[in-house]
Structures are given as structure tokens and as C-alpha cells.
Amino acid sequence: MYFKKTLSILLCTAFLTVPISTNAQEKSNSTLEDIEYGLEEKVSKVNTLLKKDVGIESNSRENFFNEVNQLHIEIEDYLKSLESDKFYNTQVHIELIDKLGELDLKVEQYSNKNLLRASKSWRYGDILYYGIGNSNAAGEKSLTGHTAVLSNIDFFVIEAARTKSNGAKVFHWNRDKLWSGASGIKQYKVTSKLGKDATAVERSNAVKFGKEQIGEPYALKTSIWSTNAWYCSKLTNAMWNDVGYNLQSSNAYTIDGVIAVLPRDIIADANVRLIKSWGKTLPGNL
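Residues numbered from 1 in each chain as written. Predicted model: local features only at pLDDT ≥ 70, side-chain atom pairs only at ≥ 80, totals over all residues. Heavy atoms only, no water.

K.L.:
Residue-level account of the environment of Trp122, with values.
P.N.:
Inspection of the secondary structure assignment puts Trp122 in the loop between α4 (113-117) and β2 (127-130). Distance in space between the C-alpha atoms of Trp122 and Phe156 is 9.8 Å, their sequence separation being 34 residues. (Helix = DSSP H or I, 4+ residues; strand = E, 2+ residues; numbered from the N terminus.)

Pasting the structure below:
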């Protein structure tokens, strides 16, 4: 039975009624000004690489790819060093993630593999994401963003969500159920920290783990390593952690003292790289 888009939908609306910084303890002496300065420094480094003339020589491209990889690692290390979650409330953190995406797309542009990937954009194991402020499938502005993982059945995704008509659980269904009508949709691949794509076997096993959770309940106040309840980004992280990729770029945010992984944590991780921006278009085989 198809999900009616007109119904009110709550996706990863975990943290709806309070500002993002409310739940975490103030464990760091870093001021908001210090944190913003550190993030702005990283944005500046990304902008430098965005302006760089890569050239056509293979050595030049390889050096550029290495610089991008090292910057991804540097940014993840910085985010993990922050014991306060103040940075989630800064515009510069969102800007940094957006700029990183632009940089990833520049890498795709100069990668020979891009021609192969362009023939089929639906790659099982890839991650779908839209961020804070984008519309969800009900046309409402999302307060936290949302993630799902592409299944090995074309156009099906695995996602944990809370809905009015279909319950609150892990779903395996067509992406039009919760993504039709959404905006700012992006597709990410999982790689090593040095940019090597996850293998087909790893992608398949991540999907297999997700399918094993189908029907399991949706909950927010749950340990990120438990397997008895899920929210969207916890499930995405667990699917890939099961095959050796921890996508948690920060451990600063907590819900009632329990560490949580947010959608933005996933896409800021050095193991996650943007490969396509879909906008309002439903992801498919293009």
C-alpha cells in the first residue's frame, strides 16, 4: 500500500522541541567564538581547494585528490575534538558541510570513475540525505535532516522513520514514500578515509544488515550501538559500522546523556563523500 504524501510526516524529528545544544552537557571550555573561528578556518581551506586549478596531468589530479582526502580527515578530527555541541547551532558548520560537498563533486568531475558511475546512479549502499531547513515529504521544514540507505532493489531504501499511518519503525520501501516532495536531496558514497570506494561486497553486506532490522521499532533515546531500536542516522551509521566504517564524525551530541549520531554527523565524516545532488528530483537510474 502506498504512503499518502499528504499525511503529516515526522522523520528524524528527534530533537524537535528544544534547540540542538540543550541536551548536551557543556564539557568544553571552548567558547562559541573559538569554535566558529575553527570552523571558518576549515571553510577557508575548502575554498582554497575549490579554486585550485587541477590540471589534466595524472600527477596533478592525484595530488589534488590527496589534498582533499587529508582535508576531510582534518575536519573530522577537529569535529571529534569538540566536547561541546555548540557547533551544531552555527551557520558556519552548515556552510562547511555544503562546501565539502562542492569539493567532493569537483573530485568526481576529475575522476575517471565518474564516467562509469554516470551510467547508473542507483548504487546500493549509498546514502540519501537532506538537511535542516529542507522540505520533507509533507512539505514541512525539517529541523534535523534525514538519512536513508539505497537498497539492492532499485528505488527501494532502508530507513528508520516515524509516520502517522505506517507506524514508527524501520522500513524497506520505495523511496517515493518519504522522499517525494522533499528538497535538497543528496546522494553520498562511503569510502575509506583516503577516498577508496567501499567494495560491492561491503555495500551489499551493509544493506543486508539494514534489511535484518526491518520492522524494528523507532526510538530516539537509545544507545547508538544497541540493536533493539532505531532512528534514521543511527541505522545508517550501524549499517556501515557493521562492515567496518564508523560514520560518526562527532560524539558531542547527547540525548538525556546518551551519545547520539545526527544526520549531519554522517555526511561530515571523512568516510562519506557527495557524488550527486538531486535537488527535488527523486533519485533514480540516470
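What follows continues from the structure just given.
K.L.:
Kindly report on helix α1 (residues 32-50), identifying the contributing residues and their values.
P.N.:
With 19 residues, α1 extends 27 Å from end C-alpha to end C-alpha; this agrees with the ideal 27 Å at 1.5 Å per step. Looking at the packing, one finds that the buried side of α1 touches α2 (58-81) and α3 (91-110). (Expected span 1.5 Å × (residues − 1). Contact = heavy atoms within 4.5 Å.)

K.L.:
Break down the pairing of strand β5 (residues 168-174) for me, with residues and values.
P.N.:
With seven bridges joining them, strand β4 (residues 156-163) and β5 adopt antiparallel strand pairing. Residue Ala161 lies in a different strand from β5, and its bridge partner there is Lys169. Turn length for the β4-β5 hairpin, with the two strands adjacent in sequence and antiparallel, is four residues, and the turn residue Gly167 shows positive phi of about 90 degrees. (Pairing = 2+ DSSP bridges.)

K.L.:
Can you tell me about the packing of α2 against α3, naming the residues and giving the values?
P.N.:
Helices that pack against each other are described as a pair by the angle of their axes relative to one another and the distance between those axes. Remark: α2 packs on α3, axes separated minimally by 11 Å, with the N-to-C direction vectors making an angle of 155 degrees. As the angle between them shows, α2 and α3 are arranged roughly antiparallel. The handedness of the crossing between α2 and α3 comes out as left-handed. Contacts from Arg61, Phe64, Phe65, Val68, Leu71, His72, Ile75 and Leu79 of α2 reach α3 at His93, Leu96, Leu100, Leu103, Asp104, Lys106, Val107 and Tyr110. Residue classes in the contact of α2 with α3 are distributed as 11 nonpolar, two polar and three charged. (Axes fitted to C-alpha atoms, helices over the stretch in contact; angles between N-to-C directions. Parallel < 35°, antiparallel > 145°, perpendicular 65-115°, else oblique. Left-handed = near helix turned anticlockwise from the far one by under 90°. Nonpolar A, V, L, I, M, F, W, Y, C, P; charged D, E, K, R; others polar.)

K.L.:
Residues and numbers for the packing of helix α6 (residues 200-211) against helix α7 (residues 232-241), please.
P.N.:
For the pair α6 and α7, interaxial distance at closest approach is 8 Å and the crossing angle is 130 degrees. Considered as vectors, α6 and α7 are oriented oblique to each other. Regarding α6 and α7, the two cross each other, and that crossing is right-handed. Residues Glu202, Arg203, Ala206, Val207, Phe209 and Gly210 of α6 touch α7, and the partners they reach there are Ala238, Met239 and Trp240.

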